[in-house]
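# Coordinate analysis (summary)
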2 protein chains.
Amino acid sequence: MSEQTPLTPLDLPEGDPFGPHNLPYGVFSLPGEAVELRRVGVRLGSYVLDAGAAAAALGSPYVSLLARPTLNPLLAAGRTAWSDVRRALTAWVTVPAHREAVLPLLHPLDDVTLHLPFEVADYVDFYASENHATNLGRMFRPDEEPLKPNWKHLPVGYHGRSGTVVVSGTDVVRPSGQRKSPADPAPVFGPSVRLDIETELGFVVGTPSERGTPVPLSAYRDHVFGLCLLNDWSARDIQSWETVPLGPHLGKSFATSVSAWITPLDALDAARVAPPERSVPLLPYLDDTAPPGDGMADEPGGYDLRITVTLNGHVIAETSSAALYWTAAQMLAHMTVGGASLRTGDLYGSGTISGASEHERGSLIEITWNGRDPIELPDGKRTFLEDGDVVTMTAWAPGPDNTRVGIGEVTGRIVAAG
Amino acid sequence: MSEQTPLTPLDLPEGDPFGPHNLPYGVFSLPGEAVELRRVGVRLGSYVLDAGAAAAALGSPYVSLLARPTLNPLLAAGRTAWSDVRRALTAWVTVPAHREAVLPLLHPLDDVTLHLPFEVADYVDFYASENHATNLGRMFRPDEEPLKPNWKHLPVGYHGRSGTVVVSGTDVVRPSGQRKSPADPAPVFGPSVRLDIETELGFVVGTPSERGTPVPLSAYRDHVFGLCLLNDWSARDIQSWETVPLGPHLGKSFATSVSAWITPLDALDAARVAPPERSVPLLPYLDDTAPPGDGMADEPGGYDLRITVTLNGHVIAETSSAALYWTAAQMLAHMTVGGASLRTGDLYGSGTISGASEHERGSLIEITWNGRDPIELPDGKRTFLEDGDVVTMTAWAPGPDNTRVGIGEVTGRIVAAG
């Protein structure tokens, strides 16, 4: 042994947002490996721990949950297993006795391929930001109240296409479809000319529930494993023409991007905040102002994730999910109160996250006010996305002891319509 | 050998709608068997052939597609395999040399448990009946054109919840949710008081497609394996309050029932009919009036399925899917034209099938004209469904040589809210 132990991937710089206080889960493979060999990895700094191999090397029973091609077996294992596995992982990357076994199983992030981390069952997208819903209402219905009458009584949401949820880094082909401006005598067909982003959080369901049995606010953490960033790419022109009376379809179905890393809720306790004050009384199943107990929430329901959105490297928005009116627990309670069951791998999105100020808007339609106020980039103006544009969302959350918890980025590049 | 061969399950009465010209696929288990042992069955008359066991007994390579707990492996095998397997099955149940092997593998339908026949990937529901859309428009927007401007330019549709697609015979728990009548100062919560049916066809996708690559009209039969009856249970009061601006959610997410039997398209050639005349020109990707070839359809796109709906045994509607304005091929072409990929197990519904006359309406909201004209049943009047009500949809289609092709029924009973 030398006098000074050399730095290894286990010796992270102080304050690394992907330290042992974080430990998000993904699925990776190494160069040259067949896709069937992909397996669960846990991010530590700028390395990926082969979690199943570590479990095997250290004689852990969790090899059956971790040496798997998706997170679904771990997701299905339930809250107690999630805590136990996290405790084991924390020990593997912090206890000196494990260093020798663990070090060879850490791969530089730049060397690995990251895959969609879980098989998506159903995907529901909500509309939980009051600022976002108000902005869109002002734009499209200037003579009415910006919020529809139901908006403060229930978290409005709809089902999206789970088969086109893709992992961060996947190219997004510009969708084609029908659009019709008021001046057009008939719809025209072609590539979308109003391609947009939606800056969202995505929540990943682990524990399933029975059809006919609602999940109360208090059971949120028994069912939801973790969260990620989510970009719900939206073709505003296609959406606008198709959307009456049954809602969005092709304007949203071509791609939804999620982070390669799912942050467990257990890493986000310090990020919890009280949601905005409720300006109308809530029905009991959604009332998170009620005292804890008896199915009511026993902890603040919001998350203060600080999100930055860049377009071709230039910051176009900085916002926080603390401003969401509806919490993840309320969305889950609402989604199931009619009897819908949950499956392992269900994903639900918050809807676009926008704050009160102009710089906190999470979609281009809001940032450019429906194209009226283009943004200036070094290569020209933008109202909506152009081919070749790269959108990247990054985030961090307050962690324990003044640390930051890094959230896996979600990025994607627009490719010309085929 | 006696002078007269005794009748066996292979000796069907003449004209049996489930004869060898039909051969729909399901998934079954026998009494006392664990659910893991469920396997593909093929219906013949009032019997179920254990298809994988037959393949094994007769040395067929299709055992790998048929001795499986869902239809998904067969669905994924593609059009050529579908035709080959159907040809083999036809031989097994008709060629005298196979009788001895096959007879012990036929189980009375009354003895088996039928399961959801395939794992549902994404579920999209369309709105393809002009009469249905017009009726709803007249009811809810009496001062406007009944059809929205987009309706004749594209098949309107939206994503539903695939996790609550259930097999025929599954009880449906009355959903609870928020509703608000104009007179209510605020929404109230409780069991739906306007629980309805939607009489639909469901189309089952076998062959997947790539993200970014549309499926043209001409490729419909390469991707779609077969069809079934579908009842898209709908809570009209919940739907009405929640639906702006993003469409239905809890009003539809509690249950969608499908037949236990999937009828292969190959059994339905004699049922094909030209769809109604198109009253506005269609964009090229939807234009089934164009000459065949070059991605255009080469056969009539509609199906003349004669559907009967009963409520507690009393016929409340008789309609035909021939009246659908949009065909299954058009729905598929539209669903994918924006770049959405298909997965094996994708399911899409036609939307409520209503004809021009009052007796041909496929939902209670139309039959009772939003509750104004109750129907009379022996046990009392009905506007919407009451607890204990049983709704059953049956259908047949014209088959070859003046036969009828029976379509598996879809039935369900309403259970009181929990």
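Cut-off values and rules
- Residues numbered from 1 in each chain as written.
- Chains lettered and ligands numbered in written order.
- Predicted model: local features only at pLDDT ≥ 70, side-chain atom pairs only at ≥ 80, totals over all residues.
- Heavy atoms only, no water.
- UniProt positions renumbered as here; feature names shortened; annotations may be inferred.
- Salt bridge = Lys/Arg side-chain N within 4 Å of Asp/Glu carboxyl O.
- Helix = DSSP H or I, 4+ residues; strand = E, 2+ residues; numbered from the N terminus.
- Buried < 20%, exposed > 50% of the residue type's maximum accessible area, 1.4 Å probe, protein only.
- Polar contact = N/O pair within 3.5 Å; in protein donor to acceptor, adjacent residues only side chain to side chain.
- Contact = heavy atoms within 4.5 Å.

For chain A, an unreviewed UniProt entry supplies the name fumarylacetoacetase and the organism Streptomyces antnestii. What UniProt records for chain A under Pathway (unreviewed entry) is the sentence "Amino-acid degradation; L-phenylalanine degradation; acetoacetate and fumarate from L-phenylalanine: step 6/6."

### Quick word on the pattern of salt bridges
For the coordinates displayed, the defined rule picks out 48 salt bridges over all chains. The salt bridge involving R236 of chain A is made with D196 of chain A; its shortest N-O contact spans 2.9 Å. Taken together, the residues R236 of chain A in helix 8 (residues 236-242) and D196 of chain A in strand 12 (residues 195-196) connect sequence positions 40 residues apart. The exposure class assigned to R236 of chain A is buried, which follows from its relative accessible area of 7%. For D196 of chain A, a relative accessible area of 0% translates into the label buried. As a salt-bridge pair, E130 of chain B and K152 of chain B come within 2.9 Å of each other at their nearest N and O atoms. Of this pair, E130 of chain B sits in helix 6 (residues 130-140) while K152 of chain B sits in the loop between helix 6 and strand 7 (157-160), and the two are 22 residues apart along the sequence.

### Here's the deal with the UniProt feature "binding site: Mg(2+)" (unreviewed entry) in chain A
Residue and element names in this part refer to chain A. The UniProt feature table records "binding site: Mg(2+)" (unreviewed entry) at D232, K252 and T256. A maximum C-alpha distance of 7.7 Å among these annotated residues, which run over 25 residues, shows that they cluster at one spot. Here Y123 takes part through its side chain, which lies 3.3 Å from a polar atom of the side chain of D232. Position of K252 among the secondary structure elements: in the loop between helix 8 and strand 16 (256-258). When its relative accessible area of 9% is taken as the criterion, K252 is described as buried. Leaving out residues up to four positions away in the same chain, K252 has contacts with Y158, E198, D232, W233, S234, R236 and Q239. A polar contact of 2.9 Å, which involves the side chain of K252, links it to the side chain of S234.

### Side note on the environment of V390 of chain A
All names here are of chain A. Tracing the chain through its elements places V390 in strand 25 (residues 390-398). A relative accessible area of 27% means that V390 is categorised as partly exposed. Each residue touching V390, except ones within four places of it in the same chain, is listed here: T310, L311, N312, T411, G412 and R413.

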